[in-house]
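Secondary and tertiary structure notes
Here are the chains, one letter per residue:
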Amino acid sequence: MTACNFGGGSDEDSSVVQVTPTPEPTKAAKATPTPAPANAQNTTYTSKNKAVSIKLPDATWANKSDSDDMLSFESPKQGKLLILHGSGDEDMSVAIIPSSQDTASALVKADNLVEGTDFEIQDYKSDEKDGINIYSYTVKYKDTTKSDGYVYAINKYFVNDSEYYSLVASVKKEDALKKVQESVDSFAILGDSTLKSAANGSAAKTAGKGN
């Protein structure tokens, strides 16, 4: 009798157990993490000393150095970005600021490149805000064998009598130019600086309005 009852009970139990797992596969199918790539594009880097910040073009750009007066980033396929800061008489006396298109040209020629044949200066602009000079231009390299494979160099300077910030972004691919330019324009000074009001991350919008 005991053996019979045990056998009958096990049949009933197994039929009940088989019904419960069926809803689980439908729950698993809903878990698709689509927002992750979009979030990866929003990469704002703030320097260790909290002096400046910049929105990098995408997650492939990695910080290479971070000191009080130098920041650098690099993307294996897109290019590199260097931010330098100087202040005081000594720094200002050795800084070469491209305050004219001729000076900008001379800086590139110093690398033994010929203007018109090896490179050209594009979109040179000189602006002023709150007594701060803002210089920006792009170098288009025509012979990339003489520019370490770079197609463009985006340059931007914030300068007054006592302080400067310079940004140079070297671009390897034509299709990366726009987003690297947007990154340079997103540069913002956060700390105590006489240049702070001119570098607040809205330079791209200002330039677009023709100011």
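Let me sum up the structure you'll find in this document. These numbers were taken from a predicted model, which means no experiment stands behind them. (Residues numbered from 1 in each chain as written. Predicted model: local features only at pLDDT ≥ 70, side-chain atom pairs only at ≥ 80, totals over all residues. Heavy atoms only, no water.)

1. Thoughts on the sheet that holds strand 2 (residues 52-56)
Which entries qualify depends on this criterion: At least two bridges found by DSSP between two strands are what make those strands a pair. Helical segments are the DSSP runs of H or I of at least four residues, strand segments are the runs of E of at least two, and each set is numbered from the N terminus.
Reading across from one edge, 1-2-10 is the order of the three strands in this open sheet, with antiparallel pairing throughout. Every other strand in the sheet has two partners, leaving strand 1 (43-46) and strand 10 (188-189) as the edge strands with one partner each.

2. Some details on the sheet that holds strand 3 (residues 62-67)
Selection criterion: Where helices are involved, their axes are fitted lines through C-alpha atoms of the stretch in contact, as for all axes, and angles between N-to-C directions lie from 0 to 180°. Between two residues, a contact is recorded if the distance between any of their heavy atoms is within 4.5 Å.
Spatially, 3-4-5-9-8-7-6 is the arrangement adopted by the seven strands of the open sheet, whose pairing is antiparallel. For this open sheet the edge positions go to strand 3 and strand 6 (119-129), each flanked by a neighbour on one side alone. Geometrically, the sheet is characterised by an average inter-axis angle of 10 degrees between neighbouring strands, direction not taken into account. Strand direction decides the pairing type here: strand 4 (residues 70-75) and strand 5 (residues 79-87), joined by six bridges, are antiparallel. Each residue of the ladder has a partner; that of Ser 75, found in strand 5, is Gly 79. Strands strand 6, strand 7 (132-141) and strand 8 (152-159) of the sheet are contacted by helix 5 (residues 101-109), whose axis makes an angle of about 135 degrees with strand 6. Across the face of the sheet, helix 6 (residues 177-185) comes into contact with strand 5, strand 7, strand 8 and strand 9 (163-171) while running at roughly 10 degrees to strand 8.

3. Comments concerning the pairing of strand 4
Sheet topology note: the strand 3/strand 4 ladder contains five bridges and is antiparallel. Looking at strand 4, one finds that Ser 65 is bridged to Ser 72.

4. So, empty space enclosed by the protein
In plain terms, the rule: In this analysis a 1.4 Å probe is tested at points of a 1 Å grid over the protein atoms alone, and where it fits but cannot get out there is a cavity; an open set with protein on both sides within 12 Å along at least five of seven lines is a pocket; lining residues have an atom within 4 Å of a point. Grid points are joined across faces, edges and corners, and a volume is the space filled by probe spheres set on the points. Put simply, Ala, Val, Leu, Ile, Met, Phe, Trp, Tyr, Cys and Pro go in the nonpolar bin, Asp, Glu, Lys and Arg in the charged bin, and everything else, Gly too, in the polar bin.
Within this structure, the stated rule accounts for one cavity of 30 Å³ or more. Estimates place the volume of the largest cavity at around 80 Å³. Along the wall of the largest cavity there are 13 residues; nearest its centre are Val 52, Ser 67, Asp 68, Leu 71 and Tyr 165. Elements represented by at least two residues in the lining of the largest cavity include exactly strand 4 and strand 5. Ranked by residues supplied to the lining of the largest cavity, first place goes to strand 5 with three residues. Residues that form the lining of the largest cavity fall into these classes: seven nonpolar, four polar and two charged.

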